[in-house]
Amino acid sequence: MADTGQGTAGARRPARWLLILYAICLLVAVSTAAPEPASAGGGISATRLTALFDHYGDTSGTWTGADRTTSVRLPDGRLLWLFSDTFLGPVASDGSRPRAAPFVHNSAIVQHGDQLRETRHGGTAENPRPLIPAPAGEFFWIGDAQVVGDTLQVLVNRYRRTGASPLDHALLGTALANFALPTLTPTAVRPLPLDARIAWGSTLLRDGGHTYIYGTEAAGEAKFAHVARVRGDDLDGAWEFWTGASWDTNQHASARVLSGVGTAYGVQRIDGRYVLVTHENNLVFSADLVAYTAGSPTGPFDGPDYLHRAPETAAGHLVYDADLHPDLARPGKLLVSYNVNNVDDAVTYADAGVYRPRFVEVDWPRPRPNRAEVPPAPAGLTAQAGGAGTAELSWPAVRADGRPRYQVHRRDVTAGQTHFVRIGEPSTVPRFSADFLVNQHAYEFRVTTVGRHGESRPSPPARMTATVPPPPPPTGLRAEPGRSGDVALSWDPVPFVQLFRVRQRDLTTGVQTLVGTFTGTHATVEFLRHGRTYEFTVVAVGGGGDSPPAPPVRAIAVVTPPAAPPGLTAAARPDGTVHLTWRSLGAGVTYRVYRRDLRRGDQAFGPPALEAGTSHIAQLLEHGHDYEFVVSAVNSGGEGLRTAPVRVRADLAPPNAAPRDLRAEAQPGSVKLTWRPAAPDGWHRIYRRDLTAGERDFAEEPIPAQGGQAVITRLRNGHEYEFAVAALNPAGAGPRSAPVRVTPQLPAPTNLEATAGGTGDVRLSWRSVGPGLAYRVQLRDVTAGESWRTDPVPVLATRHTAVLLTRGHRYEFRIVATDGSTDGPPSETVAVQVRLAG
């Protein structure tokens, strides 16, 4: 379905951050104009793209931000942007994201020319679902996508949550989602025969008759790139995996080709070289976007080249998942997107600009310094373990023009890092203290000299093994309850610690749970029960392991009853029900639906129906009655205000389908009808006419029948009747079935026996033809040449004695059943000789 409404632009905010964390990793349309046009045929600038999404998020009313940010050009010229975790709905007037904003795990935006026009997801606008649905308790995050013929292929990674923080998730596998073009209709989601070691689909590259599929393996805090390929361009084909030396069909032989990549990254072939751009993950929570280059798609890779330092990390946010967009890049430049988020949800909601794509442009190839002009490399580098878990580095000063600075580079050998990474800012003195090390990991360090004309070659490496004690417990833990079942936690910084693990205990139930893993010194715990006391503690996670827990703090959760659900609508349906919808108020909320019958004069609303979602089907309504509905929301703080009432008339349409397979079985004075009803317990109107009596019009049976059968009685035996059946509801009867014809008949008695008595009598007996019928005895004196005559007195039993018969004469008898007005066919004839007197 389409939503063509245009929202109101939110207030401009002093800071723009971006999207949501770490690899976090039908349909609704809205039109909005771009803030300025793209340059035709020459790509589009990063500044314009960032503004394009910022404007769309502020004004579309259907999309406020998302992450992953992959793009694919469609055959008709449209550009499809695919996203993972997505916030839908409008932005509040103060620029915040409403707490009740709908959230789905994947979505898309379709770009027409220089305008973002359509937000696409599953479900409805009132009750949105992911564009690519996953089994219950799981979700799909977007990988990369490509067009193959008239199909869009999207690699997706299947995950489940392991905690409340965006860092807390576990990979379950990889699947291939297909969409039909040009409609972008989902057609299939097929799990691929791949295990959960590698998240495949980080990026795709078509080159030399193959499509290369890049993936990411997460091993602790380290991430490694892997490469697979298919022949041609169909991802449904047979996969091969790079082993480090050759290609193999065994996925378990896949080798690591590069460390420090994100879950998403980009690869582009430029002038015969393969350029891999990623967020720098060799260093935890780095701000840098880097490039590596190789002579083949599988490496070996040189680098890194430092492309961009994201300024958002200075405000405490996290940068992740860089990607390339070559279809939009201007000549001589790399166009790179990246995502930013804060692991504290309160920050993401406070400013909707936190969760939108960022774009940067970088000149490529990168300028290279004249080696004759750069200063010499340091010599004599030494590295020793410090007493506080650091590495203490020193080297002789370098003689160079001006005042040289020194840049330190580090490689975690134990973690398997393939390349050195910059750490810290350049130093003006020939010594450096490297921190954030992992206990018992072996490290290599190098130093370069940074002069006026560039950076020197690196020094020979120095190696050491870190000795890092566990960190002390966090101090100053504080808990401040909010009004929505949330508690804001904060604590003092711990030296050399970037991660903290938060736990909670519900003192009412005694249940203790892991809230999640957080960066920084604050976290917001949500979805707590009103009035319950909770106990919280925090553990610092450092290179030497976990600290002892901080002394616990307690807080009583407060949950304000929710507001009235917005956007209540009611629509009568042809089946006599009413469909109610409203907008969600977020997680942890259920709904009560009240109604009253205005035509019946109800003054008060009746008992509510309960709903967990944002829609309700009101049933058992009276046709033509006016009803009034209201809805309220309920959370652990109680029931909130009711909506303003909506009024609707229950308008039931007559059934539109005729019953099928009508059959008629003749019975004495009746007919048994059977048919296939549209509803098993539905009511039906039965029509009949007596063809023998010359009736032209059908007459309605006065009593309707329920189900799929009926017996029509008081019919004239021997008359031909025609019957039809129609489904019936309070609005009337629907179309009639095809008619059937049948003639009720009285059955002929059977097993007639005759026994002559000794006094001019004959005893007769026969089998009953059914209840409610009488019999007539027919006889003739064969010896005397009589014709058949009927005894005038009907017989109610199945026995009769014929008397006053002529002795010695031969008689024949037969029996007919009668209903008082019509006689049935006669039985078989029996003959008997009346005895002589004896």
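Conventions we followed
Residues numbered from 1 in each chain as written. Predicted model: local features only at pLDDT ≥ 70, side-chain atom pairs only at ≥ 80, totals over all residues. Heavy atoms only, no water. Helix = DSSP H or I, 4+ residues; strand = E, 2+ residues; numbered from the N terminus. Rg over C-alpha atoms; globule rule 2.2 N^0.38 Å. Buried < 20%, exposed > 50% of the residue type's maximum accessible area, 1.4 Å probe, protein only. Areas by Shrake-Rupley, 256 points an atom, 1.4 Å probe, with all protein chains shown as cover. Pairing = 2+ DSSP bridges. Axes fitted to C-alpha atoms, helices over the stretch in contact; angles between N-to-C directions. Contact = heavy atoms within 4.5 Å. 1 Å grid on protein atoms, 1.4 Å probe; cavity = no way out; pocket = protein on both sides within 12 Å on 5 of 7 lines; lining within 4 Å. Points joined across faces, edges and corners; volume = space filled by probe spheres on them. Nonpolar A, V, L, I, M, F, W, Y, C, P; charged D, E, K, R; others polar. Expected span 1.5 Å × (residues − 1). Phe/Tyr/Trp six-rings, centres within 6.5 Å; stacked < 30°, edge-to-face > 60°. Lys NZ or Arg CZ within 6 Å of the ring centre and 35° of its normal. Core = buried A, V, L, I, M, F, W, Y, C linked by side-chain atoms within 4.5 Å. pLDDT = per-residue confidence, 0-100. Salt bridge = Lys/Arg side-chain N within 4 Å of Asp/Glu carboxyl O.

### A look at the overall build of the chain
Now for step 1: Scanning the chain for helices and strands turns up two helices and 67 strands.
Now for step 2: In terms of overall size, the chain is more extended than a compact globule, its C-alpha atoms giving a radius of gyration of 43 Å where 838 residues would be expected to give roughly 28 Å.
Now for step 3: C-alpha atoms of the chain, sized along the principal axes, occupy 160 × 65 × 55 Å.
Now for step 4: Counting only residues that meet the buried cut, the chain has 50% of its 838 residues in that class.
Now for step 5: Carbon and sulfur atoms provide 50% of the accessible area of the chain, an area that totals close to 36,900 Å².

### Focus on the sheet that holds strand E27 (residues 382–385)
Now for step 1: With respect to topology, three strands assemble into an open sheet ordered E27-E28-E31, the strand pairing being antiparallel. Both edges of this open sheet fall to E27 and strand E31 (431–434), since each of them pairs with a single strand only. Shown here is a sheet whose adjacent strand axes are inclined to one another by a mean of 20°, direction ignored.
Now for step 2: Bridging between strand E28 (residues 391–394) and E31 involves four bridges; their strand directions are antiparallel. Across the sheet, the residue bridging to Leu-393 is Phe-432, located in E31.

### Remarks on the side chain of Ser-459
Now for step 1: The topology assignment puts Ser-459 in the loop between strand E33 (454–455) and strand E34 (462–465).
Now for step 2: Given the relative accessible area of 3%, Ser-459 is considered buried.
Now for step 3: Once you skip the residues sitting within four places of it in the chain, Ser-459 turns out to touch Ala-377, Pro-378, Leu-381, Arg-446 and Val-447.

### Considering empty space enclosed by the protein
Now for step 1: As a volume, the second largest cavity reaches approximately 30 Å³.
Now for step 2: Around the second largest cavity sit Asp-195, Arg-197, Ile-198, Trp-200, Gln-251 and His-252, which together line it.
Now for step 3: Residues that form the lining of the second largest cavity fall into these classes: two nonpolar, two polar and two charged.

### Looking at helix H1 (residues 46–59)
Now for step 1: Taking 1.5 Å per residue, 14 residues should reach 20 Å; H1 reaches 20 Å between its end C-alpha atoms and fits that length.
Now for step 2: For H1, the tally of buried residues reaches ten of 14 residues, placing the bulk of the element in the interior.
Now for step 3: What H1 keeps buried is the set Ala-46, Leu-49, Thr-50, Leu-52, Phe-53, Asp-54, Tyr-56, Gly-57, Asp-58 and Thr-59.
Now for step 4: Buried residues belonging to H1 abut strand E1 (63–66), strand E3 (79–83), strand E6 (107–112), strand E7 (115–120), strand E25 (333–341) and strand E26 (358–363).
Now for step 5: Immediately downstream of H1, the backbone of Gly-61 shows phi near 80°, a positive value.

### Concerning the sheet that holds strand E35 (residues 478–481)
Now for step 1: Read from one edge of the open sheet, three strands run E35-E36-E39, paired in antiparallel fashion. Either end of the sheet is taken by a strand with one partner, and the two such strands are E35 and strand E39 (522–525). Here the average twist between neighbouring strands, direction ignored, is 20°.

### Examining the environment of Leu-116
Now for step 1: Relative to the elements of secondary structure, Leu-116 occurs in strand E7.
Now for step 2: Among the residues examined, Leu-116 registers a relative accessible area of 1% and is labelled buried.
Now for step 3: Along the backbone, Leu-116 and Trp-81 are 35 residues apart, and their C-alpha atoms lie at a distance of 9.4 Å.

### Some points on the packing of aromatic side chains
When we look at a pair of aromatic rings, we describe it by the centre distance and by the angle of the planes.
Now for step 1: One pass over the structure, following the stated rule, counts 29 aromatic pairs.
Now for step 2: On the numbers, 5.7 Å between centres and 80° between planes, the contact of Trp-81 with Phe-359 is edge-to-face. Of this pair, Trp-81 sits in strand E3 while Phe-359 sits in strand E26, placing them 278 residues apart in sequence. Across this residue pair, the class does not change: Trp-81 and Phe-359 are buried.
Now for step 3: With a centroid separation of 6.0 Å and an interplanar angle of 90°, the aromatic rings of Trp-200 and Trp-239 are classed as edge-to-face. Of the two residues, Trp-200 sits in strand E14 (residues 198–207) while Trp-239 sits in strand E17 (residues 239–242), which places them 39 residues apart along the sequence. Accessibility classification places Trp-200 together with Trp-239 in one group, the buried group.
Now for step 4: Three or more aromatic residues joined by ring pairs form one cluster here, namely Phe-53, Tyr-56, Trp-63, Trp-81, Phe-83 and Phe-359.
Now for step 5: Just above the ring of Phe-420 sits the side chain of Arg-446; from NZ or CZ to the centre is 4.0 Å.
Now for step 6: Positioned above the aromatic ring of Tyr-594 is the side chain of Arg-642, whose terminal nitrogen or guanidinium carbon lies 3.8 Å from the ring centre.

### Looking at the environment of Val-634
Now for step 1: Relative to the assigned elements, Val-634 resides in strand E48 (residues 626–635).
Now for step 2: Relative accessible area serves as the criterion here: at 13%, Val-634 is assigned to the buried category.
Now for step 3: Val-634 sits 43 residues away from Tyr-591 along the chain, and the two C-alpha atoms are 5.8 Å apart.
Now for step 4: The residues contacting Val-634, other than those within four sequence positions of it, are Pro-562, Gly-588, Val-589, Thr-590, Arg-592 and Glu-639.

### Looking at the nonpolar core
Now for step 1: Core analysis: the largest hydrophobic core is formed by 26 residues, its most contacted members being Leu-489, Trp-491, Phe-500, Val-502, Leu-528 and Phe-536.
Now for step 2: Excluding anything up to four places from it in sequence, Leu-489 contacts Arg-478, Ala-479, Val-502, Thr-521, His-522, Ala-523, Val-525 and Phe-536.

### Brief notes about the confidence of the model for the chain
Close inspection of predicted coordinates is inappropriate for parts of the model with low pLDDT.
Now for step 1: For the chain, per-residue confidence averages 91 on the pLDDT scale, and residues scoring 70 or more make up 95% of the total.
Now for step 2: Note that residues 1–40 has pLDDT below 50 and, in this model, 167 contacts with residues that lie over four places away or in other chains.

### Side note on unusual backbone geometry
Keep in mind that most residues, glycine aside, have a negative phi and that most peptide bonds are trans.
Now for step 1: Of note, the bond from Gly-299 into Pro-300 is cis; its omega dihedral lies within 30 degrees of zero at 5°.
Now for step 2: Following the sequence through the fold, Pro-300 ends up in the loop between strand E22 (288–294) and strand E23 (302–309).
Now for step 3: In this chain, Gly-303 is followed by Pro-304 through a cis amide linkage whose omega measures 10°.
Now for step 4: Relative to the helices and strands, Pro-304 is located in strand E23.

### Here we look at the pattern of salt bridges
Two side chains that carry opposite charge are able to pair once their charged atoms sit near each other.
Now for step 1: Summed over all chains, the structure comprises 43 salt bridges.
Now for step 2: Close ionic contact of Arg-358 with Glu-312 constitutes a salt bridge, the shortest N to O distance being 3.6 Å. With Arg-358 in strand E26 and Glu-312 in the loop between E23 and strand E24 (318–324), this residue pair connects regions lying 46 residues apart in the sequence.
Now for step 3: Judged by its relative accessible area of 8%, Glu-312 falls in the buried class.
Now for step 4: Counted as one network, the salt bridges with shared partners bring together Asp-54, Asp-58 and Arg-356.

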